[in-house]
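Structural characterization, general
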Number of protein chains: 2
Amino acid sequence: MQKKVKRYASITGIKKEKIAYYKELHAATWPGVLDRIQKSNIHNYSIYLKEINGNYFLFSYFEYVGDDYDADMKKIADDAETQSWWKETDPTQIPLPDAAAKGEIWSTMEEVFHTD
Amino acid sequence: MQKKVKRYASITGIKKEKIAYYKELHAATWPGVLDRIQKSNIHNYSIYLKEINGNYFLFSYFEYVGDDYDADMKKIADDAETQSWWKETDPTQIPLPDAAAKGEIWSTMEEVFHTD
């Protein structure tokens, strides 16, 4: 039986002068961070970079295959190594206003089309 | 044996006043368009919408599982029903400068992270 998949796509800004460091970090993502992602039922996770009118943005896409998204995300947020990782990545990013208003980094995007 | 998957992520602008029509089209995408996408080995195709600083953008993500991407894309471009579909969708969109310079709608984004 195939697991139920829920897709999540998000966006955040990135500081131009931090792009090289962000790429360096993600070319060798810490194993504990990847392990926690997988244990929290996140799969097929990609992040993309694009310049738009002189500003830079990151776009993330992943698939969630668990049964309790909030609980699985809390396990990521409570993970000590992930917290250390975010101390490296957070300062590279410029949250959009809707994320910033909630003290978050990534803004959710609205799905307008999907075909399997 | 699992097929080799190549991921493609792209972005384009959308006119604010055309968002409702774009959503309406994609809530009932023409069967011939979907059929041609599938026959061209594109799977798990999603499009997302996001407002950034007063402008609106579309983000697409899909997976290609064929052996000849250019040939498969040409079959889509040559398909009469897809051409009619693009006559509806193209006028809703505002290509970014790098796509516009090539006479295209969508700009490719750079992958900076992936984990299965």
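Everything discussed here concerns the structure shown above.
Everything in this summary refers to the structure shown in the same document. (Residues numbered from 1 in each chain as written. Chains lettered and ligands numbered in written order. Predicted model: local features only at pLDDT ≥ 70, side-chain atom pairs only at ≥ 80, totals over all residues. Heavy atoms only, no water.)

Walk down a regular strand and you will see the side chains alternate between the two sheet faces. All names here are of chain B. With eight of 10 residues buried, strand β3 (residues 55-64) is to be regarded as a mostly interior element. Direction of pairing for strand β1 (residues 6-14) relative to β3: antiparallel, over a ladder of nine bridges. Bridge pairing in β3 places Tyr8 opposite Phe62. Pairing of strand β2 (residues 42-52) with β3 involves nine bridges; the strand directions are antiparallel. Within the sheet, the bridge partner assigned to Ser46 lies in β3 and is Tyr61. Linking β2 to β3, which pair antiparallel, is a turn of two residues; within it Asn53 sits at a positive phi near 50°. (Buried < 20%, exposed > 50% of the residue type's maximum accessible area, 1.4 Å probe, protein only. Helix = DSSP H or I, 4+ residues; strand = E, 2+ residues; numbered from the N terminus. Pairing = 2+ DSSP bridges.)

As a further point, take the interface of chain B and chain A. Between chain B and chain A, the contact holds 35 residues from the first and 35 residues from the second. With both chains or domains summed, chain B and chain A bury close to 3,300 Å², and 61% of this area falls on carbon and sulfur atoms. On the chain B side of the contact with chain A, Tyr48(B), Val112(B) and Phe113(B) bury the most area, a combined 23% of that side's loss. Across the chain B-chain A interface, the total number found is four salt bridges. Of the charged contacts in the structure, one is a salt bridge between Asp98(B) and Lys50(A), with a shortest N-O distance of 2.8 Å. For the pair chain B and chain A, the number of links is 29 residue pairs in polar contact (both at pLDDT 80 or more). Broken down by secondary-structure element, the contributors of at least two residues to the side of chain B that touches chain A are β1, α1 (19-27), β2, β3, β5 (107-108) and β6 (110-115) of chain B. The element best represented in the side of chain B that touches chain A is β2(B), accounting for 10 residues. For the side of chain B that touches chain A, a count of residues per class yields 17 nonpolar, nine polar and nine charged. Sheet topology places strand β2 (residues 42-52) of chain A next to β6(B); five bridges connect them, and they run antiparallel. Bridging from a neighbouring strand, Ile47(A) pairs with Phe113(B) of β6(B). (Contact = heavy atoms within 4.5 Å. Buried area = accessible area lost by both parts, 1.4 Å probe. Salt bridge = Lys/Arg side-chain N within 4 Å of Asp/Glu carboxyl O. Polar contact = N/O pair within 3.5 Å; in protein donor to acceptor, adjacent residues only side chain to side chain. Nonpolar A, V, L, I, M, F, W, Y, C, P; charged D, E, K, R; others polar.)

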